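Structural characterization, general
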Amino acid sequence: IPEALIAALKDTGVKNLTCISNNAGVDGFGLGLLLETKQIKKMIASYVGENKEFERQFLSGELEVELTPQGTLAEKLRAGGAGIPAFFTATGVGTLIAEGKELREFNGKEYILEHALTADVGLVKAYKADKAGNLIFRKTAQNFNPVCATAAKVCIAEVEEIVEIGALDPDEIHL
């Protein structure tokens, strides 16, 4: 979680944000900070639990929410970063996720058309970067940060350590 970047974004006071994230933060932490100041207009996420302010805003109609299965969310971001406009997935067929979406049958099985996601700005957290912008992610930070970065027109990375160009082992660079 790019905690310092989220705090800086909060301090700008910018409003009407559409946030794409695996989760919607928790009370007092992560995107929960932006929810508390009502800076988020729309949340696209796969997990929204553990956040009372999120729940309150959603139930009162103050916050637009687009729930997306986790794997589908990752693929929507990956596709966006790769320039692929849409793809078909079986995930969500026969559920509320499929409502209003194009269905198509392939080899006797139904699939939903999902549109890729892109963003104007991506905020990511990495372990290490060199001065050329190469990034290394640790542990679960590898799951969503790289696809969030590539799906954005501009990516801002919060890192724990910045090293000189050439100091990173090319085999360890994730992005």
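What comes next is a walk through the structure.

Definitions and limits used
Residues numbered from 1 in each chain as written. Predicted model: local features only at pLDDT ≥ 70, side-chain atom pairs only at ≥ 80, totals over all residues. Heavy atoms only, no water. Pairing = 2+ DSSP bridges. Helix = DSSP H or I, 4+ residues; strand = E, 2+ residues; numbered from the N terminus. Axes fitted to C-alpha atoms, helices over the stretch in contact; angles between N-to-C directions. Contact = heavy atoms within 4.5 Å.

A few points about the sheet that holds strand β6 (residues 109-115)
- Taken in spatial order, the three strands make up an open sheet running β4-β6-β5, and their pairing is antiparallel. Edge positions in the open sheet fall to β4 (86-89) and β5 (103-106), since each of these has one partner strand only. The mean inter-strand angle of the sheet, taken between neighbouring strand axes irrespective of direction, is 40 degrees.
- Taken together, the four bridges between β4 and β6 define a ladder with antiparallel strand orientation. Bridge pairing links F88 to L113 in β6.
- Taken strand by strand, helix α4 (residues 70-82) contacts β4 and β6, and its axis lies near 155 degrees from that of β4.

Side note on the pairing of strand β7 (residues 119-130)
- Note: β7 against strand β9 (residues 152-163), ten bridges, orientation parallel. Paired with L123 across the bridge in β9 is I156.
- Where β7 meets strand β8 (residues 135-136), two bridges bridge the pair, whose relative direction is antiparallel. When the bridges of β8 are listed, K128 appears paired with I136.

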